[in-house]
Amino acid sequence: MDTTSKLSANVALQSPISKNIQLEISFDGKIENLKTKAGLQYGERKKHELLSTPDLDLPNGLEIDIDIQSPIRNMKASVSHEFKRNTALLTFSNVQSLISGKAVAKIRKHKTQLNGKIDTSTGLKIELCLKTPLTKDFEVIINGNGGLHAFRYESSVSYGQERVRGEVNHEWSSEAIKGNMLLSTPILEDIKIEYDVNGNPKSFGTTVRASIGNMNGIEEITTVRLGEMSIVFDTTLKTTLSGNVKSSQLKFSHDGSISSFKTNIEATHADKTIKADASFKHLPSIEGSLSLQTPFEKLRDVNIKIEHTGSVKSFTTIGIFNMHPTKD
């Protein structure tokens, strides 16, 4: 259908069942300078077009540009508005892996502008910037790449000359998980966190470090080994406050079954150590012992030993208790 007002339409549909769908619409005429073009195609793909370029003047007009091309993506949009001394502008674009946009509003001599961009061509990149006549510039930037098992992200938020920056790195493999984080602000010293886990469920180690600046921090190192009838656990904690370092350590080991075992525990803090050793046997007599060593004067060395032999009707039990406090 064609008329002198340049209105045209073209529709075609063939089946069974489906494909061969074609639609074309075109407008070229007033209200004011209205131009519209649409295209759709299904069989043998491609096409998908939309073009619209109105230009209205009422009397100091409005301008719109829209351009969509597919499959799938390619998108553009722009809106412009101006009445006397007040203006507004909006643009939007989506081309392949890049999405960008801009919004501008101007009232007399005062202009506010927002710019934005999202780029996924080599990971993820997001940029936002807001400028106003009443505040300092505000900006957000995010950069990242990688997947679930290995990724890196950097971000920053700025207000004028002041900026907050963050960073995250993470790696995850079959034998290790490790990464680090950083937070930098204008009001605090840099905050850093590092972590590392390696090994397997029966033998593994963990390390965690966290710090604020160079004078304050904490560090934890742990190793664990599991056997069929044994366990070894060792953890160390080191703290730093205003440059002063203090360390604590805990060691635990156990070997054997419920009828015959040995257990050792050792705890250290600020150069003071407590040790405890225990053993037990039931083969067929019963033997058990416990020793305790501490830095406390009245519990410097404590030893307990028990031996039991015989049956319910005839048995011998011996118990020994020794305590050696520090001599004055």
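Let us look at the structure shown here.

Conventions adopted
Residues numbered from 1 in each chain as written. Predicted model: local features only at pLDDT ≥ 70, side-chain atom pairs only at ≥ 80, totals over all residues. Heavy atoms only, no water. Helix = DSSP H or I, 4+ residues; strand = E, 2+ residues; numbered from the N terminus. Buried < 20%, exposed > 50% of the residue type's maximum accessible area, 1.4 Å probe, protein only. Contact = heavy atoms within 4.5 Å. Pairing = 2+ DSSP bridges. Patch = residues over 30% accessible without salt bridge, like charges linked within 9 Å, V, L, I, M, F, W, Y side chains within 5 Å. Areas by Shrake-Rupley, 256 points an atom, 1.4 Å probe, with all protein chains shown as cover. Salt bridge = Lys/Arg side-chain N within 4 Å of Asp/Glu carboxyl O. Lys, Arg positive; Asp, Glu negative; His and termini not counted. Charge placed at Lys NZ, Arg CZ, Asp CG, Glu CD.

1. A word on the overall build of the protein
Helix and strand counts for the protein stand at 0 helices and 25 strands. Among the 328 residues that make up the protein, the fraction classed as buried is 12%. Within the protein, contacts between residues at least 6 apart in sequence are counted, and of these 7% link residues at least 24 apart.

2. Side note on the pairing of strand β9 (residues 98-107)
With 10 bridges connecting them, β9 and strand β10 (residues 110-119) associate as antiparallel partners. Across the sheet, residue Ile107 finds its bridge partner in β10, namely His110. Here β9 folds back onto β10 in antiparallel fashion, the turn holding 2 residues, of which Arg108 has a positive phi close to 55 degrees.

3. Remarks on unusual backbone geometry
Residues other than glycine seldom take positive phi values, yet Ser242 does so here, at roughly 55 degrees. As for its placement among the helices and strands, Ser242 is situated in the loop between β19 (230-241) and β20 (244-257). With a phi close to 50 degrees, Ala270 is a non-glycine residue in the positive phi region. Mapped onto the elements of the fold, Ala270 is located in the loop between β21 (260-269) and β22 (272-282).

4. As for the side chain of Ser156
Its location among the elements puts Ser156 in strand β13 (residues 150-159). The buried category is assigned to Ser156, whose relative accessible area is 11%. Not counting residues up to four positions away in its chain, the partners in contact with Ser156 are Glu139, Val140, Ile141, Arg163, Val164 and Arg165.

5. Topic: a positive patch on the surface
A cluster of basic residues, Lys102, Lys106, Lys111 and Lys131, forms a positive patch at the surface. Here Lys106 is to be found in strand β9.

6. Digging into the environment of Asn143
If you trace the backbone, Asn143 turns up in strand β12 (residues 138-146). Taking relative accessible area as the criterion, Asn143 reaches 28% and is therefore assigned partly exposed. For the pair Asn143 and Glu154, spaced 11 residues apart in the sequence, the C-alpha separation amounts to 5.1 Å. Setting aside residues up to four positions removed in sequence, Asn143 forms contacts with Leu124, Lys125, Arg152, Tyr153 and Glu154.

7. Let's talk about the pairing of strand β11 (residues 124-131)
Pairing geometry for β10 and β11, over 7 bridges, is antiparallel. Looking across to β11, one finds that Gln113 is bridged to Lys131. The antiparallel hairpin formed by β10 and β11 contains 4 residues in its connecting segment, where Gly123 sits at a positive phi of about 125 degrees. Taken together, the 7 bridges between β11 and β12 define a ladder with antiparallel strand orientation. Counted as the bridge partner of Leu128 is Val140 from β12. The turn linking β11 back onto β12 is made up of 6 residues.

8. Quick look at the pattern of salt bridges
With the rule as written, the count across this model stands at 8 salt bridges. With a shortest N-O distance of 3.3 Å, Glu127 and Lys125 are connected by a salt bridge. Note that Glu307 is salt-bridged to Lys305, the shortest N-O span being 3.6 Å. Accessibility expressed as a relative area gives 30% for Glu307, which makes it partly exposed. Given a relative accessible area of 41%, Lys305 falls into the partly exposed group.

9. Digging into the environment of Gly319
Along the chain, Gly319 falls in strand β25 (residues 315-323). A residue is classified by how much of its surface remains accessible, and Gly319, at 62% relative accessible area, is exposed. Along the primary structure Gly319 and Ile304 are separated by 15 residues, whereas in three dimensions their C-alpha atoms are 7.4 Å apart. In this structure Gly319 touches Lys305 and Ile306, once residues within four positions along its chain are discounted.

10. Considerations on the environment of Ala105
Relative to the helices and strands, Ala105 resides in strand β9. For Ala105, a relative accessible area of 39% puts it in the partly exposed group. Once the C-alpha coordinates of Ala105 and Thr132 are considered, the two residues, 27 residues apart in sequence, prove to be 9.7 Å apart.

11. Points about a nonpolar patch on the surface
The grouping of Ile274, Leu290, Phe296, Leu299, Ile304, Ile306, Phe321 and Met323 at the surface amounts to a nonpolar patch, some 700 Å² of accessible area in total. Those elements giving two or more residues to the nonpolar patch turn out to be β24 (301-310) and β25.

These figures capture arrangement, not role.
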